[in-house]
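# Working through the structure, step by step
One letter stands for each residue in the lines below.
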Amino acid sequence: MALTRAVITGLGCITPIGLSVEEFWSNLVAGVSGVGPITAFDASGLGCRIAAEVKGFDPTDYMDAKTARRCGRFSQFALAAATQAVEDAALSLEQLDPWSVGVVMNTGGGDVPDIAEGERTFLEKGPGRLSAFLVPQLAPNMPSCQIAMRYGIRGPVITSVAACAAGAYAFVEAKWLLDRGEADVVIVGGTEASLHPLTIAAFDNMRALSRRNDDPPAACRPFDKDRDGFVFGEGAVAMVMERLETALARGARIYAEVAGGALTSDAYHITAPEPSGEAAAEAMRRAVRSAGLSPDEVDYVVAHGTGTPLNDVTETLAIKRVFGEHAYRLAISSPKSMVGHLLGAAGALSALAGVLAIRDGVIPPTINLDEPDPECDLDYVPKTARQAPVRTVLVNAFGFGGQNAAVLLRRYEGDQGAHR
């Protein structure tokens, strides 16, 4: 299979700290937390009563009311983020061959709230009161399909469910489509909107969530010795990813290049990471190697960094396995300290942070890192963003069941005439 150069030309997002890319980025760099008390439902009876909610989102800013009613919240987020990305890329899809455009919009859980509420309606009011659109509303592939219908996209339209690795996996899968010549342009990303008493209670019973209910902004504490779990989040990230020649031909602005990526499996446990971190490390190695780089050429790692006791130590071990002494010279940070864990959208959000770090030469911080765990002894860019040239970024995403994804982004250094 002949490899192609794949570049990012458009960005869009709906997040707990911003409903646009620039709002998200300014708050991420400033260390603003999007975590607060849950307002979407009455959480008073739950052990965990905090989350990173998307605030102020109106789906009718991006779609008509009829479409909004037929979309689950995760599809609404995806459509909004994709609309931003297409506009940012100045992409005129009407001028492209619709068979040459694809969508890879991944998710972790699909539309859990509508599943749960549909069951409640069925039990309380009877089958006749169920929405006729419930099944297409909750199906995990609907965000991708809604984007395709919005723009008349006729090429590959894919949704892969890979737990919390799904958002990063989307970029690996989109790169494969470009490499195989199945698409010239792909709208790629991840979306999640599973905030519901059912999911919060289940994760809390697993002891996976932070219970720092009295101080929500300080709750997500990746790599800190007092971390007590992750914070549930929601949102979506979408990007326009193109073959380099396609982008150059239309004079597109190029943010960064997707230079490589890889997937591995722990094959170990349904929730816990394999303690040695070897499979996660192998995903990183393969991603770096697929980009034709050596580990010491990586400048910044956007960590999975959930703030759970097991993940942070295992990820640290994995980074050390890959980078050796260079691990201590790497800048590493976790956006989850501010936005919580967006599950199937988390890897895509991390990729967005990586692209913007390349663009601006700024590495966002890991907030709430007051006293590092002794086993987490690398440079996690604590509390304050750092100005630094960033040429190469490795994005990590790990999911339940042992799914690992790593994506290698780098600064585009080709024909500067392509930048408008």
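Residues numbered from 1 in each chain as written. Predicted model: local features only at pLDDT ≥ 70, side-chain atom pairs only at ≥ 80, totals over all residues. Heavy atoms only, no water.

On to the pairing of strand 6 (residues 185–192). Counting buried residues along strand 6, 8 of its 8 residues qualify, which places the element largely inside the surrounding structure. Burial along strand 6 is two-sided: the face carrying V185, I187, G189 and T191 and the face carrying V186, V188, G190 and E192 are both buried. Bridge analysis of strand 4 (residues 101–106) against strand 6 gives 6 bridges, and the strand direction is parallel. Looking across to strand 6, one finds that M105 is bridged to G189. Of the strand pairs in this sheet, strand 6 and strand 7 (residues 235–243) are connected by 8 bridges, and their pairing is antiparallel. Opposite E192, over in strand 7, you have G235 as the bridge partner. (Buried < 20%, exposed > 50% of the residue type's maximum accessible area, 1.4 Å probe, protein only. Helix = DSSP H or I, 4+ residues; strand = E, 2+ residues; numbered from the N terminus. Pairing = 2+ DSSP bridges.)

The next thing to look at is unusual backbone geometry. The phi torsion at R207 lies on the positive side, around 65 degrees, for a residue other than glycine. In this fold, R207 is placed in the loop between helix 8 (197–205) and strand 7.

Turning next to the nonpolar core. Membership of the largest hydrophobic core comes to 58 residues, with the highest contact counts inside it found for L11, F24, F171, V188, M239 and M241. With sequence-adjacent residues up to four places away left out, V188 is seen in contact with V104, M105, A170, F171, A174, V237, A238, M239 and M241. (Core = buried A, V, L, I, M, F, W, Y, C linked by side-chain atoms within 4.5 Å. Contact = heavy atoms within 4.5 Å.)

This brings us to the confidence of the model for the protein. With 98% of its residues at a pLDDT of at least 70, the protein reaches an overall mean of 95. For the stretch residues 416–420, pLDDT sits under 50, and the model shows 14 contacts to residues farther than four places along the chain or on other chains. (pLDDT = per-residue confidence, 0-100.)

Okay, the sheet that holds strand 8 (residues 256–265) next. Across the sheet, 10 strands lie side by side as 5-4-6-7-1-8-14-13-9-10; this open sheet has mixed pairing. Because the sheet does not close on itself, it has two edges, and the strands there are strand 5 (157–158) and strand 10 (331–333). Where strand 4 lies against strand 5, 2 bridges are found, and the strand directions are parallel. Looking across to strand 5, one finds that V103 is bridged to V157. Sheet strands in contact with helix 11 (residues 309–323) are strand 9 (300–302), strand 10 and strand 13 (392–399), and its direction is about 135 degrees off that of strand 13. (Axes fitted to C-alpha atoms, helices over the stretch in contact; angles between N-to-C directions.)

With that settled, the discussion passes to the side chain of E257. If you trace the backbone, E257 turns up in strand 8. Judged by its relative accessible area of 2%, E257 falls in the buried class. Side-chain polar atoms of E257 contact the side chain of R5, separated by 2.9 Å. Contact partners of E257, with chain neighbours within four places excluded, come to R5, A6, V7, L408, L409, R410 and Y412. (Polar contact = N/O pair within 3.5 Å; in protein donor to acceptor, adjacent residues only side chain to side chain.)

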